[in-house]
Each structure stands twice: as C-alpha cells, then as structure tokens.
Amino acid sequence: MKRFLLLSLSMLTAAAAAFAQSNPGSNHGNKFEQLGTLLSDPNSYRSASGAPGPAYWQQRADYVIDAELDEKNLMIKGSETITYYNNSPDPLSYLWVQLDENQNKASSDNKLTEQSKMTDKMNYKTLSGIIGAENGLGVNIIKVTSGSGTKLPYVINNTMMRIDLPVVLKPHEKYVLNIDWNYKISDRMTVGGRGGYEYFPEDDNYLFTITQWFPRMCVYSDFQGWQNKQFEGRGEFALVFGNYRVNMTVPSDHVVGATGECQNYAQVLGAERLKRWNNAQTAKAPVEIVNLAEIKAGLSKKSTAKKTWTYTAENVRDFAWVSSRRLVWDAMATYIDGKKIMAMSYYGPEAYPLYNRYSTKVVAHTLKVYSKHTIPYPYPVAISVEAANGMEYPMICFNYGRAEKDGTYTEAIKYGMIGVIIHEVGHNFFPMIVNSDERQWSWMDEGLNTFCQFLAEQEWDNNYPSGRGPAHKIVDYMKLPKDQLEPIMTNSENIIQFGPNAYAKPATALNILRETVMGRELFDYAFKEYARRWAFKHPTPADLFRTMEDASAVDLDWFWRGWFFTTDPVDISLDAVHYYRMNSMKDAVEKTEDRKAWEKDNKYLGRERNRAEGIKFAIEQDTSLQDFYNKFDRFEVSSTADQDFKDYYASLTDDEKKLYESKKHFYELEFSNAGGLVMPIIVEWTFSDGTKSIDRIPAYIWRKNEQKVTKVFAKDKEVVSVQLDPYRETADIDENNNSWPRKSQPSRFELFKQKEAPRGSSTGQNPMQEARKKS
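All values reported here derive from a predicted model rather than from experimental measurement. Sequence order as written defines the numbering, with residues in each chain counted from 1. Reporting in this predicted model follows two pLDDT cut-offs: at least 70 for local features of residues, and 80 or more for side-chain atom pairs to be given and counted; totals over whole chains, interfaces and linings ignore these cut-offs and use all residues. Side-chain numbers come from the whole structure's heavy atoms, not from hydrogens or water.

(A) Here's a closer look at the overall build of the protein. Here a strand is any run of E in DSSP of at least two residues, a helix any run of H or I of at least four, and the numbering for each starts at the N terminus. In terms of helices and strands, the protein carries 21 helices and 31 strands. Atoms counted for the radius of gyration: C-alpha only. Globule rule: 2.2 Å times residue count to the power 0.38. A compact globule built from 775 residues should have a C-alpha radius of gyration of about 28 Å, whereas the protein, at 35 Å, is more than 25% larger. For the protein, the C-alpha atoms occupy an extent of roughly 125 × 70 × 55 Å along the three principal directions. Across the 775 residues of the protein, 53% fall into the buried class. Any two residues having at least one pair of non-hydrogen atoms within 4.5 Å are treated as being in contact. In the protein, once contacts between residues fewer than 6 apart in sequence are set aside, the share between residues at least 24 apart is 76%. In short, Shrake-Rupley with a 1.4 Å probe defines the accessible areas, and a residue's cover is counted only from the protein chains shown. Summed over all atoms, the accessible surface of the protein reaches about 36,800 Å², with 50% contributed by carbon and sulfur. Looking at the protein, you have 95 positive and 101 negative side-chain charges, and the mean spots of the two groups are 4 Å apart. Remark: exposure states derive from per-residue accessible area (1.4 Å probe, protein chains only) relative to the maximum for the residue type, with buried under 20%, exposed over 50%, and partly exposed in between. Positive charges are assigned to Lys and Arg, negative charges to Asp and Glu, while His and the chain termini are left out of the count. Charge positions are represented by NZ for Lys, CZ for Arg, CG for Asp and CD for Glu.

(B) Representation of the packing of helix 9 (residues 443-460) against helix 12 (residues 520-534) within the structure. Axis lines are fitted to C-alpha atoms, over the contacting stretch for helices. Their N-to-C directions set the angle, which ranges from 0 to 180 degrees. Two elements in contact, helix 9 and helix 12, have axes separated by 14 Å at closest approach and are oriented at 135°. Comparing the axis directions of helix 9 and helix 12 gives the class oblique. Where helix 9 crosses over helix 12, the two elements pack in a sense that is left-handed. Within the contact between the two elements, helix 9 uses Met444, Leu448, Phe451 and Cys452 and helix 12 uses Phe523, Phe527 and Tyr530. Comment on the angle field: the value is read as roughly parallel under 35 degrees, roughly antiparallel over 145, roughly perpendicular from 65 to 115, and oblique elsewhere. Helix crossings get a hand from a simple test, with the near helix turned counterclockwise from the far one by less than a right angle marking a left-handed crossing and a clockwise turn marking a right-handed one.

(C) How the structure looks around the sheet that holds strand 15 (residues 255-258). Read across the sheet, four strands follow the order 9-10-19-15 without closing on themselves; strand pairing throughout is antiparallel. Strands at the two margins of the open sheet, each flanked by one partner only, are strand 9 (196-200) and strand 15. Across this sheet, the average inter-strand angle for adjacent strands is 15°, counted without regard to direction. For strand 10 (residues 205-210) and strand 19 (residues 321-324), the ladder comprises three bridges, and the chain directions are antiparallel. The residue of strand 19 that forms the bridge with Phe208 is Ser323. Whether two strands pair depends on DSSP finding at least two bridges between them.

(D) Spotlight on the packing of aromatic side chains. What counts as a ring pair is set by centres within 6.5 Å for rings of Phe, Tyr and Trp (its six-membered ring), and what kind of pair is set by the plane angle: stacked under 30 degrees, edge-to-face over 60, tilted for all other angles. If you walk through the whole model with that rule in mind, you get 61 aromatic pairs. Centre to centre, the rings of Trp443 and Phe545 are 6.0 Å apart; their planes meet at 10°, and the pair counts as stacked. Placement of Trp443 in helix 9 and of Phe545 in helix 13 (residues 541-550) is noted, with a sequence separation of 102 residues between them. Following the ring pairs from residue to residue traces out a cluster consisting of Phe32, Trp443, Phe545, Trp558, Phe559, Trp560, Trp563, Phe564, Phe565 and Tyr700. Above the ring of Phe237, the side-chain terminus of Arg216 is found at 4.9 Å from the ring centroid. A ring is considered to have a charge above it if a Lys NZ or an Arg CZ atom is located within 6 Å of its centre and within 35 degrees of its normal. A cation over a ring is seen here: Lys586 above Phe645, with NZ or CZ 5.2 Å from the ring centre.

(E) A look at the environment of Met75. Topologically, Met75 is positioned in strand 3 (residues 75-86). Once the C-alpha coordinates of Met75 and Tyr183 are considered, the two residues, 108 residues apart in sequence, prove to be 5.8 Å apart. Sequence-distant contacts of Met75, defined by excluding residues within four places in its chain, comprise Glu68, Leu69, Asp70, Asn182, Tyr183, Lys184 and Ile185.

(F) Examining the pattern of salt bridges more closely. In the sections that follow, a salt bridge refers to a side-chain nitrogen of Lys or Arg positioned within 4 Å of a carboxyl oxygen of Asp or Glu. A complete count under the given rule lists 39 salt bridges for this structure. Look at the salt bridges and you will find they share partners, linking Arg188, Glu198, Glu386 and Arg402 into a network.

(G) Spatial organisation of a nonpolar patch on the surface. Like-charged residues within 9 Å of one another, or nonpolar side chains (Val, Leu, Ile, Met, Phe, Trp, Tyr) within 5 Å, are grouped into patches, provided each residue has over 30% relative accessible area and no salt bridge. On the surface, Met118, Leu127, Ile130 and Ile131 cluster together to form a nonpolar patch covering roughly 410 Å² of accessible area. Note on placement: Ile131 falls in helix 2 (residues 124-131). On the basis of relative accessible area, Ile131 is assigned to the exposed category, the value being 65%.

(H) Seen up close, the nonpolar core. By size, the foremost hydrophobic cluster in this structure holds 197 residues, and its most contacted members are Trp213, Trp321, Trp329, Phe559 and Trp563. In terms of residues, this core owes the most to one element, helix 7 (residues 352-373), which gives nine residues. Not counting the four nearest positions on each side in its chain, Trp329 is found in contact with Val255, Tyr265, Leu269, Trp277, Val287, Glu288, Ile289, Val290, Met344, Ser345 and Tyr346. Tyr580, Met582, Tyr648 and Tyr660 belong to the second largest nonpolar core, which has seven residues in total. The nonpolar core is taken to be a set of buried Ala, Val, Leu, Ile, Met, Phe, Trp, Tyr and Cys residues, with the residues joined through side-chain atoms within 4.5 Å.

(I) A look at the pairing of strand 18 (residues 306-316). Alignment of strand 14 (residues 242-251) against strand 18, held across nine bridges, turns out to be antiparallel. Looking at strand 18, one finds that Tyr244 is bridged to Ala313. Direction of pairing for strand 16 (residues 261-262) relative to strand 18: antiparallel, over a ladder of two bridges. Residue Cys262 lies in a different strand from strand 18, and its bridge partner there is Tyr311.

(J) Fine view of the side chain of Thr366. Within the secondary structure layout, Thr366 lies in helix 7. Under the relative-accessibility criterion, Thr366 is labelled buried at 0%. Here the side chain of Thr366 touches Val362 through a polar contact of 2.8 Å, landing on its backbone oxygen. Residues within four places of Thr366 in sequence aside, it is in contact with Ile422, Val425 and Gly426. Polar contact is the term for a pair of N or O atoms within 3.5 Å; when the atoms are in protein, one must be able to donate a hydrogen and the other to accept it, and sequence-neighboring residues count only if both atoms are side-chain atoms.

(K) Spotlight on the packing of helix 13 against helix 14 (residues 557-565). Axis separation between helix 13 and helix 14 bottoms out at 11 Å; the angle between their running directions is 150°. For the crossing formed where helix 13 meets helix 14, the hand is right-handed. For the pair formed by helix 13 and helix 14, the contact residues are Phe545, Met548 and Glu549 on the first element and Asp557, Trp560, Phe564 and Phe565 on the second. Each residue is assigned to one of three groups, with Ala, Val, Leu, Ile, Met, Phe, Trp, Tyr, Cys and Pro labelled nonpolar, Asp, Glu, Lys and Arg labelled charged, and all others, Gly among them, labelled polar. Grouping the constituent residues of the contact of helix 13 with helix 14 by class yields five nonpolar, no polar and two charged.

(L) Expanded view of unusual backbone geometry. Phe430 connects to Pro431 through a cis peptide bond whose omega is 15°. In this structure, Pro431 sits in the loop between helix 8 (411-426) and helix 9. Note that the residue after Trp740, namely Pro741, is joined by a cis bond; omega there is -10°. Inspection of the secondary structure puts Pro741 in the loop between strand 31 (739-740) and helix 21 (767-774). Here the phi dihedral of Asp337 falls at roughly 50°; this positive angle occurs in a residue that is not glycine. With respect to the element layout, Asp337 can be found in the loop between strand 20 (328-336) and strand 21 (339-347). Note on Asp337: relative accessible area 69%, which makes it exposed.

(M) View of the environment of Asp406. Of note, Asp406 is situated in the loop between strand 24 (396-399) and helix 8. The exposure class of Asp406 is partly exposed, given its relative accessible area of 36%. Each C-alpha atom of the pair Asp406 and Glu446 lies 35 Å from the other, and the pair is 40 residues apart in sequence. With sequence-adjacent residues up to four places away left out, Asp406 is seen in contact with Gln769 and Arg772.

(N) Spatial organisation of the sheet that holds strand 30 (residues 719-724). Strand order in the open sheet formed by four strands is 28-27-30-31, with antiparallel pairing between adjacent strands. Pairing within the sheet leaves two strands with one partner each, and these edge strands are strand 28 (692-697) and strand 31. Pairing analysis gives six bridges linking strand 27 (residues 681-687) to strand 28, with the strands arranged antiparallel. Within the sheet, the bridge partner assigned to Val683 lies in strand 28 and is Asp695.

(O) Structural detail: the confidence of the model for the protein. The predictor attaches a confidence to each residue, called pLDDT, with possible values from 0 through 100. The predicted model of the protein averages 92 in pLDDT, with 93% of residues at 70 or higher. Predicted confidence is poor over residues 8-22, with pLDDT under 50, and the contacts of this stretch with residues over four places away or in other chains come to nine contacts.

(P) Fine view of helix 15 (residues 587-601). A helix is expected to reach a length of 1.5 Å times the quantity of its residues less one. A rise of 1.5 Å per residue sets the reference length of helix 15, with its 15 residues, at 21 Å; its end C-alpha atoms lie 20 Å apart and thus fit the reference within 8%. Every buried residue of helix 15 is accounted for by Asp587, Glu590 and Lys591. For helix 15, the arc enclosing every buried residue in end-on projection is 95°, short of the 170-degree limit, so these residues lie on one face. Each C-beta atom gives one direction from the helix axis, and the arc is the one those directions make.

Structural data, given as structure tokens:
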C-alpha cells in the first residue's frame, strides 16, 4: 500500500503542455482518426448522414418467365421477357446479364483458379475438377432478341453475358428483350453448388431446388457502374429489384413452392388440398396441405402428365423454386404489425420428425424477431425447404435437418436445423430487402444476418447454444497468425476462412456494439434506421457506418477502423495494481504504518541467518561505534503531533474535510494494449467483504496513448482482486493477463478421431435414440 497527502487548495499548483506530432511511429493519433478517405465521399446520391441522397436512383427489371422441368432428361428449358428500366442519368449502349449456371461448366474460370492437392482419399467432385472432363453443364443460350423479335448480338464471358443494344438506352427509358435458354440440371450432392437435384435411390425420386437458374440482370449503380464481377462460387449476388410472373411446368404429381404467391392453386391442388390451404389461412398451428401418407403412397406412381404452376412476386430481386413428388407441405398464418403472412415449409420423409414439429414455427418466430429489430416483413410469404443445404432467396430458402431412420435425432442436428432456418429465412431482410452487394461485401448480408440470427436464437430459447454472436466465441479466430487472417472488408473471393470472417466476426462486432459500446437503446434505434433507410435499395458499407453514427451521436470510426479494416485482436493486459490510502496526518497512525513498512523492508534471509548463527557484529564488539542513530527511535511520535493535526485539519475546506473523512481506498491500475485493437476497459472489483462491482471505461481512454494507459479508482472498501472483462464481452484473446492477482486458466482436452458426415445428418451421441432403446 502507498499513501498520499491531501493538499489544501491553496497548496495546489498545475501545469499543462500541448504538443503535436505526426502519427507514424506515435503512440496516439492513429486508431481514433476519422475514417476519411477510407470511405467514399458523400454526394447527391448518398448523403454524409448515411441516408440515400436527394438524387438517389436505382435500376429496375421486370420478368415474365415460362419454364419447364424435364424430369426424365434432368433439364430446364426456359423463355423469358425482361423489361429493363434505365433510371440512371447515364446512357447505356449495352446490358450485362448473369449466367450463374456457367459456374458449373468444366471449363469455368473458378475451376482453374481453385487450388488442389492429392490426399489419401479423393472424392468424385475433387477428381473431376482436376481432370476437367466435359460435364455438359452450363447455360445454353438459344436466342436473344429485342421485344419486337430482332436478334441482338451478345458475348458470353464465363458467367457474364453482354448484350449489345441497337440504340443507346437513354436515361428514364426502358428496353424489352427476350432470352430463350436451357441447361442440364446438376447433381448438387456431387457437383456442389446452391441449386440442382438430389436423387433418392430408395424410392427412385428427385428433389429439384431450382436456383440461380435464369439469365438475370446485373446491377448498374451510382457507386460502381455495372457490377459484372464474375461469379466464382463464393461471393454471391448483386441483383435488381423488379416484378415477376413465372409459369413452371412440371410433372403433374409434383408439388411446387416458390418465391411469391401462387395464382392458380384452384387448378393445381385439387379440392381436398385446396380446402386444407384455405384452412391454413386462419390456423394457429401448421396445417399439412400435402401430408406424409399421401406422398408415401405416390412415390412409385410417377405421372407422365404435366401441370403449370403460376407464381407472381412484386418488388423482389430474384426468384427460386422447389419441385418434387416427395414433399410434405405445411402452412400457417402469422401476423406482423397486423399484416398476415403465410409461413410455410416443404420437406421429405427423412426430415419429417424435425421439420413437421419445428420448421414453420421457426419461420414465424424469425419474421417476428427480425421485424422487431429491422423493419416489418413486407412480403406475403416465407418458406423453409429441407434440402440438405443452406441457401436463401426472396420468400424461400433451402435448409438442412434430417432424422435417423427410426425418427430420432441428435441435439446438434436439432439446434443446427433451427439455426439454419432462422439464418436463411432471416436473409429475406439482408440482403433480399436491404439489398447490399454480396459479390463485393459478403459480410454486409452474412454478418448482419448472423447478428440478427443470434438475437432470434436467444429469443427462441434463453439457453440456445448459439455458435456465433457471443464475443468470446470469436477469440480462437482472432488470435490466429496474421497470415491466416484478412480484414472483414476483404472481397469475398480472397478470404481464407470464410465463415469466421464474413459471418462470425461482423456478427460479433455488432453484438459488442449493442451490448458494450453503444448500449441497446442507441444501437437498436440506429440499426432499425439503417434498415428503414435502405430497404429495397443498394447500400454500401459507408452507408451503414454513417447511419449508425448519425442516428446515435456515438463516434464509431475507431470501432469500424479496428474491427473492419484491420486484423488486430483485442488483448488488454492488466499490468499492475497499486494501492493507496490517504495520509491521515496523525503522527501516531502514520509512524505505526512506517514502522511496519521499515520492518518489512529490513526482513530478509541473510539478516535472519546471521542473527541465528550468533555472529558478533562490529558495533556490538566495539560500542564506541554506536552513535545517536543506533539508539534513537525514528518512529517516535512527536510531542506536537496533536496540534499539528489540528492545524492541518483546520486548513482544509469543507469539501476537503468531507473527502478526508470518506476514508477512501485508491487503486491505480496500469493497462497495456497488447493486441492492438482498442476497446472499452471493463473492470470487476471483488472486495474484502465478498461483494463485487463493475466499472466500464469507454474506449476513448486510449485516444492519447493507444499502447498504455493508467487509471485511478476510488473505492469505499478494500479490494482483494481485480478482473478485466468478467463477462468476456470484448473478445479478449488472452484472459491470463486480465486478473490481479494473476489466475491460471485451466483447460481440458479429449483425444478424438475426426469423422466426416453429410451436412444435416445426425452424428455423434444420440440420447434420444438411447432412451428409446431403454424403453
């Protein structure tokens, strides 16, 4: 313990010095500088507040599509009419169209640029990619014409097609074009990808998930012109809003679920199923429109007749669908701000034990939670399809979650299924509504959506085992070597560990903003404002960053800079704790403390052993060597001590006397920023009586020294221990330097052999199955 003297105001002096130095090599003026040139300049299209500017514009594309699913030959044939609206101020001499199916071609660029190596076990997908054998996949463009039927010249570059216009498309004009095409449907379970078919040999049937399947317009925007970056398979989509009318011709015993609302249920369902559909409109629990018994009875009766299902969708950026004769279909109504939305699920027999119980209810829960934190869900439908997958499109998504043959399932599969349904349904908000450019910034949809997924999981079950969101769960990623990391702002195709970088880290960052940096009230308002401003528009990172600050009055440039533009980890070290008590100015009290300190300082091993050995010290053998200082009591209380104290106390002001009488304990803490990422300092105190308290110091404490800071705290009780970040809310990568006195961090390990299994299948211990065996 150290002591200090409380001086009267008349005894205090102060001095201040101001200086300036350049940032390079400095211990400050770097991490808290404004983002400045890291962000695009505001303009009339995008304001400095983060809102769309007064001259904001975006393009529009409407589609009418006729498609036929040829189940026997595993082909899709289509014909579409696109009406493209040039709302930009720019004349356009050509249009760019996306052909995502070309990504599956054996000769596609992504096959050439992916690294490969030999292992002891090689699967079909890997070997076929190495061999490069022709697979017949990719889009076949039959013809491209104008609305009047005139052939249009076009050039295909991998996954992009440029259509050259006969005349310049002027601002505020529209252009109509027709495209006929077809492609061979890929085996999604071997080739991979987001769409295709899954074959079920046990009943000789297919599940078709038809996604990214038709030529789609590229985005032309104010901030980058044409977004025609090639589709390499990871960076997903930048798409244009518009209205759709799609006619899908399929085998007559198939059930079709799709983006939007079906316009001809009366013609395709039959009387009994139509009755069930109508009952579902007011049901409070899912109603099976197509039930399990019906699909099992029809699996071997493959119809050769055809039916056409017609769906329409307004103000969406894409269209996807599912078709199969082996689908249970259930639905129920849910309400968001008084508006009815049909929550629905489609799933096969293998998923029935899980999806029949959970899926549609999870869909409804997701819509409610996301609507609370963003904007009310605007579409009339939300669909979850079990397809051993995880992928999203407007109003429809494809998920995983299959039970064992006996109907049991593991806890991991249950929560994995609930989590993926929440995540993929949640994508309706990011990026289907808040329409960021996934091709450029995957984190703007995956990260924001994963954050909202975490909120929805925690509102589903307070004990939900969320894998992404809590700060401490990103630690293992953030403490990796620098050559295995890249900033969140990195383009999708250049990321090594995509899941942690694009999903987990930004989700964690937003959770930290909400719980630790901004607080829930400020964060929730600003986040909702971002969603409101950019619903059905094309935001950029700058729009998010600016809106969060604009709507909260919290300077977050330091946070965006550290979390999104660097790979620095959080590691705040508690280097030292110094204890101080105020000098009592009472001679008897202070001399007693001085005596204890002197005796402690003079107690050491050699001195004790010399005395124990009976050494005759020189001053004992020759007493003439002893003088005044060998005999006087240096800790003797002065005869004027009482009066001296009275004089001192009388010199204090009333406020100083009050402070003197408070008997405060003072603790000086020294912190260092070992990781590099500045964050708030959260200090938990444990007192001698067993009670605890927490102090929260904003990150701005680091602004004048980004490497080391010192802070003094006054406490009413004596402290026995100090712990930094007790709730692990800052993602600190080293908890060993977070405590005083230091604590060891025990850990356990288990020797295990890693096994691989298909996504969404039950693995590991299955307590449900074991319980059934015992009963």
